[in-house]
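Residue-level structure breakdown
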Amino acid sequence: MPRYLTEKDIADFRAELCRVATERFARFGYEGVTMRQLAEALGCSPKTPYRYFKDKADILATVRADAFARFSDALEQAAASAAQPLERGRRVSEAYLKFALANPHAYRIMFEIDQPIDDSHADLAREALRARQFITRQSEEMVKAGLIAVDPQLFGWSMWAAIHGLVMLHQAGMLHDGPDYTTLSNFHGALMFKGAAAPSSKTSAPKAKKK
């Protein structure tokens, strides 16, 4: 007689499947992973994953949506811990680095896999947009506070590009002979702010922290 699966059983299996899929997609890319391989890793029938997900693309979209959601949660919690826009921006940058370095597989599937982010998977589209808008929101708040006098979108995207590059260098092991990522992040943040600072803020531009 087949065993009846409880809601917890289903949730636990989906969670384990997503955990395994995240690691496999990050290591081997989308084309390097098959549904059969995922089933073998979970010790189940090749048909079992299809009971929970439409196909491989559905699994990838689901795990990416979850990664973006956790990423956004971390950034929003960091922002909520500071009252001033400049300090919020600094804490968000720190939370970004902390998440990326603590969750390398999740970070890779978020930004290194070429999968359309559109209405075909509503959760992924929503969470990716949430992350993207939140990152640039910090620079918009700095403009409103009179701290920087540049296009907030350009400033926000430039900061994002720089911190993403720093994460990639760290993950590739390219920082062994150079400054640590915290020192580089603080230096770049101070340099960016100095160049973008409004005239009234130039005398109070933050200094790069020494580790």
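Everything below is about the structure printed above this text.
Since this is a predicted model, take the numbers as computed values, not measurements.

Attention shifts here to the overall build of the chain. Broken down by element type, the chain carries 8 helices and 0 strands. Its helices and strands in sequence order give the chain the pattern α-α-α-α-α-α-α-α, from N to C terminus. Here the C-alpha coordinates of the chain stretch approximately 75 × 40 × 25 Å along the principal axes. The burial tally for the chain puts 38% of its 211 residues in the buried class. Counting contacts in the chain only where the partners sit at least 6 residues apart, residues at least 24 apart contribute 66% of the total. With the model as given, the accessible surface of the chain reaches about 12200 Å², and the carbon-plus-sulfur share is 56%. Across the chain, 29 positive and 25 negative side-chain charges occur, with their mean positions spaced 5 Å apart.

Relative to the helices and strands, Asp12 resides in helix α1 (residues 7-28). The exposure class assigned to Asp12 is partly exposed, which follows from its relative accessible area of 39%. A polar contact is formed between the side chain of Asp12 and the side chain of Lys8, at a distance of 2.7 Å.

Where helix α7 (residues 152-171) meets helix α8 (residues 181-196), the closest approach of the two axes is 11 Å, and the angle between their N-to-C directions is 165 degrees. Put simply, α7 runs roughly antiparallel to α8. As α7 runs across α8, the sense of the crossing is right-handed. In contact with Phe155, Ser158, Met159, Ala162, Leu166 and His170 of α7, α8 contributes Tyr181, Leu184, Ser185, His188, Gly189, Met192, Phe193 and Ala196.

Here the focus is the nonpolar core. Generally speaking, soluble globular proteins have nonpolar side chains that are buried together. Ranked by size, the top nonpolar core spans 27 residues in total, and within it Phe68, Phe71, Leu75, Tyr96, Met110, Ile135 and Val167 carry the most contacts. For this core, the secondary structure elements donating two or more residues are α3 (56-80), α4 (85-102), α5 (104-111), α6 (122-144) and α7. Here the element with the most residues in this core is α3; it accounts for 8 residues. The residues contacting Leu75, other than those within four sequence positions of it, are Val92, Ala95, Tyr96, Phe134 and Ile135. Counting 18 residues, the second largest nonpolar core, distinct from the first, contains Cys18, Leu38, Ile59 and Val63.

Definitions and limits used
- Residues numbered from 1 in each chain as written.
- Predicted model: local features only at pLDDT ≥ 70, side-chain atom pairs only at ≥ 80, totals over all residues.
- Heavy atoms only, no water.
- Helix = DSSP H or I, 4+ residues; strand = E, 2+ residues; numbered from the N terminus.
- Buried < 20%, exposed > 50% of the residue type's maximum accessible area, 1.4 Å probe, protein only.
- Contact = heavy atoms within 4.5 Å.
- Areas by Shrake-Rupley, 256 points an atom, 1.4 Å probe, with all protein chains shown as cover.
- Lys, Arg positive; Asp, Glu negative; His and termini not counted.
- Charge placed at Lys NZ, Arg CZ, Asp CG, Glu CD.
- Polar contact = N/O pair within 3.5 Å; in protein donor to acceptor, adjacent residues only side chain to side chain.
- Axes fitted to C-alpha atoms, helices over the stretch in contact; angles between N-to-C directions.
- Parallel < 35°, antiparallel > 145°, perpendicular 65-115°, else oblique.
- Left-handed = near helix turned anticlockwise from the far one by under 90°.
- Core = buried A, V, L, I, M, F, W, Y, C linked by side-chain atoms within 4.5 Å.

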